[in-house]
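Chain by chain, the residues run as shown.
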Amino acid sequence: MNQQRRNYGQYCGLAGALDVIGERWTLLIVRELLVGPCRYNELQHNLPGIGTNLLADRLRFLTDTGLVRQCTRPGSKVRVYELTEQGEGLRETVLALARWGLGLLQAPAAEDVVRPRWAALAVEAMIDPAMAGPDEQYEFRIDDEVFHTVVEDGAVSVRHGKCETDPALVVTTDALTFVEIGAGRLSPLEATLTRRLSMEGDDEVVLRCSRLLGLVG
């Protein structure tokens, strides 16, 4: 699919950005690569509804514009797509849009898809650095995905995999429940009482983590 691309023909930073990322599916491809490098078939799996020709076209365009590159995974010959430094520059923009979009979510439709790998990006979007407390780590187990947040010296980061040290809090739930909590459609208390969510940690730690994610005032 090598169609001529439309542009706004406007000498403006926003218009220039939309010339590159304004096409349908493009930002969702960026979302996947912000979570981590992906093989082509992984991208297709996590973007249900996109045709293989369209995905190939979008990846080719993002590569040509310098946002995406292909490389091999360390210690293997597996080829993956990853964001370049310029592509990584979209992180704050995507997080801001994700944060804004959570407030728009209604009840999920039967055909709506949710992937546990999106949870790490959702947590990153929800974090309020001003609410960072003492140095500690929180581990999230969302279906088959595991990631953790590290609070250290007043800074907060999200990392893939299990905590390097014993976590102060372990949160276990499924992807749909997690998104509903983030969207404010379900309270952590209600999710806990209905056994859709479990939190293993001291009450004070649970409260600190909830404040960090903007789940309580």
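Residues numbered from 1 in each chain as written. Predicted model: local features only at pLDDT ≥ 70, side-chain atom pairs only at ≥ 80, totals over all residues. Heavy atoms only, no water.

By the naming in an unreviewed UniProt entry, the protein chain is Transcriptional regulator, taken from Actinomadura geliboluensis.

### Describing the packing of aromatic side chains
Inspection of the entire model under this criterion finds two aromatic pairs. Ring centres of F140 and F147 lie 5.2 Å apart, and the angle between their planes is 10°; on these two criteria the pair is classed as stacked. With respect to class, F140 is no different from F147; both count as buried. Among the residues examined, F140 registers a relative accessible area of 2% and is labelled buried. Sitting above the plane of the W118 ring, R31 keeps its charged end 4.0 Å from the centroid. (Phe/Tyr/Trp six-rings, centres within 6.5 Å; stacked < 30°, edge-to-face > 60°. Buried < 20%, exposed > 50% of the residue type's maximum accessible area, 1.4 Å probe, protein only. Lys NZ or Arg CZ within 6 Å of the ring centre and 35° of its normal.)

### Concerning a nonpolar patch on the surface
A contiguous nonpolar surface patch, about 320 Å² in accessible area, is contributed by Y8, L14 and L18. Relative to the helices and strands, L18 is located in helix 1 (residues 13–21). (Patch = residues over 30% accessible without salt bridge, like charges linked within 9 Å, V, L, I, M, F, W, Y side chains within 5 Å. Areas by Shrake-Rupley, 256 points an atom, 1.4 Å probe, with all protein chains shown as cover. Salt bridge = Lys/Arg side-chain N within 4 Å of Asp/Glu carboxyl O. Helix = DSSP H or I, 4+ residues; strand = E, 2+ residues; numbered from the N terminus.)

### Notes on the UniProt feature "domain: HTH hxlR-type" (unreviewed entry) in the protein chain
As annotated by UniProt and renumbered to match this structure, "domain: HTH hxlR-type" (unreviewed entry) occupies residues 12–109. Along residues 12–109, the helical share is 56% and the strand share 10%, with 37 Å between the first and last C-alpha atoms. (UniProt positions renumbered as here; feature names shortened; annotations may be inferred.)

### Observations regarding the pairing of strand 3 (residues 136–142)
Most of strand 3 is tucked away, with six of its seven residues classed as buried. Here strand 3 runs beside strand 4 (residues 145–152); their pairing, made up of seven bridges, is antiparallel. Among the inter-strand pairings, F140 is bridged to a residue of strand 4, identified as F147. Once strand 3 ends, the chain turns through two residues before running back antiparallel as strand 4, passing D143 with a positive phi of about 55°. Of the strand pairs in this sheet, strand 3 and strand 6 (residues 169–173) are connected by five bridges, and their pairing is parallel. Within the sheet, the bridge partner assigned to Y138 lies in strand 6 and is L169. (Pairing = 2+ DSSP bridges.)

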